[in-house]
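Here are the chains, one letter per residue:
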Amino acid sequence: MKEVVVKKVSNAREMKDFVRFPSVLYAKSEQYVPDLEMDIRNSFNPRKNAGLEFSDIQPFIAYRDGEVVGRIAGIVNRHANERWQVRVVRFSMIDFIDDLSVSGALLDAVAQWGASRGMTHIQGPMGITDFDKEGMLIEDFDLKGSMAAIYNYEYYPRHMEALGYTKEADWLQVRVNIPAEVPARYARVAQYAREQIGLRVRKLTDKEIQQEYGRRIFTLLNESYQSLFGFTRLTERQMDDFVRQYLSLVDKRLMTAIENQEGEMVGIAITLYSLADALRKTGGRLWPTGWYHLLSGLKWRHSDNAEMLLIAVRPDYQGLGVNAMFFDDLIPIYNQCGIKWAETGPQLEDNVRELSQWKPLHPTIVKRRRCFGKKI
């Protein structure tokens, strides 16, 4: 068998191979949901990715006899390393054929690249921020993927274990059927939060989000997520990028902000109609017809299921009924919009408070995923 050659992506042809490889690898998969190729390219462009102001990133591509057999990206996030007092190189966007010599060569390339920058540990899949896709799927490979989370073949985690990588963190996703009425527990706690604590629901407009509330949302996320595994605070430029790129896609009925009596935002919940089917139809490309499938999924023929992209509550208001107010507001709206079931993004398995909030909805835990790590 011919040797695997791993190269740093250094020209347009190699970048095209990097971007297109998953479409080839997952061509026969009914579960895989592609990223937009434009988004992958923008990840490596400092003008498009504000995270590159404090991170180094290097894509690698693996060939055997001229054929692409794998890809990976290495990331050194200086802010995260300072925050957590570590010297870690992260790996991201990892895909490979079922051949241990390929996966091993890719991970070794990132480890060596990281070591040349003084790193002593490799971990992943992790992105620059907590809002990038993270965690390798280790269960439920038969379930359809989503826009916000990684899908991979079942042989991936077997390769990681064979190469000596071990668990550093696990995430879980929660799937719930939407009830016809708000469960009594949520309604009761929401009423208490309104009447006794003085909290209120605020529905934001596009204008408010663009002018002020967009940054307030991501400032709240910085406060709420600061203790979570691997989290890095977003800069103001990153906040502006996320507002422009993502919040404009959200049906504002499905976005619930909670304010206290002083008008401070203390909680935010954001849901998006599932775009999994629309993204599969695009094949990862906006042109010539991909844009239509995405627009249709958002505006005209949206799915009967949704992705609960995020829920965040300011630490000093956790346990005071904010989550109940989210559900009290959103469940009737889900029903109005024809949403029959919803799935959260990945949530850390040890975040007991976050996971316990779903109990009145009789949740199903799905799609366990893992961050693997190893000393260099």
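Criteria and cut-off values
- Residues numbered from 1 in each chain as written.
- Predicted model: local features only at pLDDT ≥ 70, side-chain atom pairs only at ≥ 80, totals over all residues.
- Heavy atoms only, no water.
- Helix = DSSP H or I, 4+ residues; strand = E, 2+ residues; numbered from the N terminus.
- Rg over C-alpha atoms; globule rule 2.2 N^0.38 Å.
- Buried < 20%, exposed > 50% of the residue type's maximum accessible area, 1.4 Å probe, protein only.
- Contact = heavy atoms within 4.5 Å.
- Areas by Shrake-Rupley, 256 points an atom, 1.4 Å probe, with all protein chains shown as cover.
- Axes fitted to C-alpha atoms, helices over the stretch in contact; angles between N-to-C directions.
- Left-handed = near helix turned anticlockwise from the far one by under 90°.
- Nonpolar A, V, L, I, M, F, W, Y, C, P; charged D, E, K, R; others polar.
- Phe/Tyr/Trp six-rings, centres within 6.5 Å; stacked < 30°, edge-to-face > 60°.
- Lys NZ or Arg CZ within 6 Å of the ring centre and 35° of its normal.
- Salt bridge = Lys/Arg side-chain N within 4 Å of Asp/Glu carboxyl O.
- Pairing = 2+ DSSP bridges.
- 1 Å grid on protein atoms, 1.4 Å probe; cavity = no way out; pocket = protein on both sides within 12 Å on 5 of 7 lines; lining within 4 Å.
- Points joined across faces, edges and corners; volume = space filled by probe spheres on them.

**Describing the overall build of the chain**
Consideration 1: Each helix and strand in the chain was counted, giving 12 helices and 14 strands.
Consideration 2: For 376 residues, the compact-globule estimate of 2.2 N^0.38 gives 21 Å, and the chain sits close to it at 21 Å.
Consideration 3: Seen along its three principal axes, the alpha-carbon backbone of the chain occupies a region of about 70 × 45 × 40 Å.
Consideration 4: Looking at the chain as a whole, 56% of its 376 residues are labelled buried.
Consideration 5: Counted over contacts in the chain with a minimum sequence separation of 6, partners at least 24 positions apart contribute 77%.
Consideration 6: Of the accessible surface of the chain, which amounts to about 17400 Å², a share of 49% is contributed by carbon and sulfur atoms.

**Examining the side chain of Gln347**
Consideration 1: Inspection of the secondary structure assignment puts Gln347 in strand β13 (residues 347–348).
Consideration 2: For Gln347, a relative accessible area of 9% gives the class buried.

**Things to note about the packing of helix α7 (residues 206–225) against helix α8 (residues 236–245)**
Describing two packed helices takes the angle between their axes plus the distance from one axis to the other.
Consideration 1: Viewed as axis vectors pointing N to C, α7 and α8 meet at an angle of 120°, and their least axial separation amounts to 9 Å. Between α7 and α8 the crossing geometry is right-handed. Between α7, through Ile209, Gln210, Gly214, Arg215, Phe218, Thr219 and Asn222, and α8, the contact on the second element is made entirely by Glu236, Met239, Asp240, Phe242 and Val243.
Consideration 2: Class assignment of the residues belonging to the contact of α7 with α8 gives a composition of five nonpolar, four polar and three charged.

**Concerning the packing of aromatic side chains**
Consideration 1: In the structure shown here, the tally under the stated rule is 18 aromatic pairs.
Consideration 2: For the pair Tyr153 and Tyr155, a centre-to-centre distance of 5.6 Å together with 25° between the ring planes defines the contact as stacked. Here Tyr153 and Tyr155 have matching classes, each one buried.
Consideration 3: By the ring-pair criterion, three or more aromatic residues cluster together here, those being Tyr26, Tyr32, Phe96, Tyr151, Tyr153, Tyr155 and Tyr156.
Consideration 4: Its end group placed over the ring of Phe18, Arg71 keeps NZ or CZ at 4.8 Å from the ring centre.
Consideration 5: A cation sits over an aromatic face here: Arg83 above Trp84, 4.0 Å from the ring centre.

**Overview of the pattern of salt bridges**
Pairs can form between side chains of opposite charge whenever their charged atoms are close.
Consideration 1: Tallied over the entire structure, the rule returns 31 salt bridges.
Consideration 2: The partner of Glu14 in a salt bridge is Lys7, with the nearest N and O atoms 2.8 Å apart.
Consideration 3: Given a relative accessible area of 35%, Lys7 falls into the partly exposed group.
Consideration 4: Residues Arg368 and Glu349 are paired through a salt bridge, measuring 2.8 Å at the closest nitrogen-oxygen approach. Remark: Glu349 occurs in the loop between β13 and α12 (352–356) and Arg368 occurs in strand β14 (residues 364–375); sequence separation between them is 19 residues.
Consideration 5: Through salt bridges with shared partners, a single network forms among Glu139, Lys167, Asp170, Glu349, Arg368 and Arg370.

**A short note on the pairing of strand β10 (residues 265–273)**
Consideration 1: Burial of β10 is extensive: nine of the nine residues sit out of reach of the surface.
Consideration 2: Note: strand β9 (residues 255–259) against β10, five bridges, orientation antiparallel. Paired with Thr256 across the bridge in β10 is Ala269.
Consideration 3: Of the strand pairs in this sheet, β10 and strand β11 (residues 305–313) are connected by seven bridges, and their pairing is antiparallel. Following the sheet pairing, Ala269 is matched in β11 by Ile311.

**Things to note about empty space enclosed by the protein**
Once rolled over the atoms, a probe with the size of a water molecule shows which space is left empty.
Consideration 1: Taken as a whole, this structure holds three cavities of 30 Å³ or more when the rule is applied.
Consideration 2: If you trace the largest cavity, you find it lined by Val19, Pro22, Ser23, Tyr32, Pro34, Asp35, Glu37, Ile40, Arg71, Gly283 and Gly284.
Consideration 3: Contributing elements (two or more residues each) for the lining of the largest cavity: α1 (12–25) and α2 (37–43).
Consideration 4: For the lining of the largest cavity, a count of residues per class yields five nonpolar, three polar and three charged.

**Concerning the layout of surface pockets**
Consideration 1: Space inside the second largest pocket adds up to approximately 280 Å³.
Consideration 2: Considering the residues around the second largest pocket, the lining is formed by 15 residues, among which Arg185, Gly319, Asn323, Ala324 and Gln357 are closest to the centre.
Consideration 3: At the level of elements, α6 (184–197), α11 (322–336) and α12 are the ones that each hand at least two residues to the lining of the second largest pocket.
Consideration 4: For the lining of the second largest pocket, the residue count by class is seven nonpolar, six polar and two charged.

**What to know about the pairing of strand β2 (residues 55–64)**
Consideration 1: Counting buried positions over the 10 residues of β2 gives nine, a clear majority of the element.
Consideration 2: When β2 meets strand β3 (residues 67–77), the two strands line up antiparallel, connected through 10 bridges. Residue Ile61 lies in a different strand from β3, and its bridge partner there is Arg71.
Consideration 3: In this antiparallel pair of consecutive strands, β2 and β3, the connection spans two residues, and Asp65 shows a positive phi of 55°.

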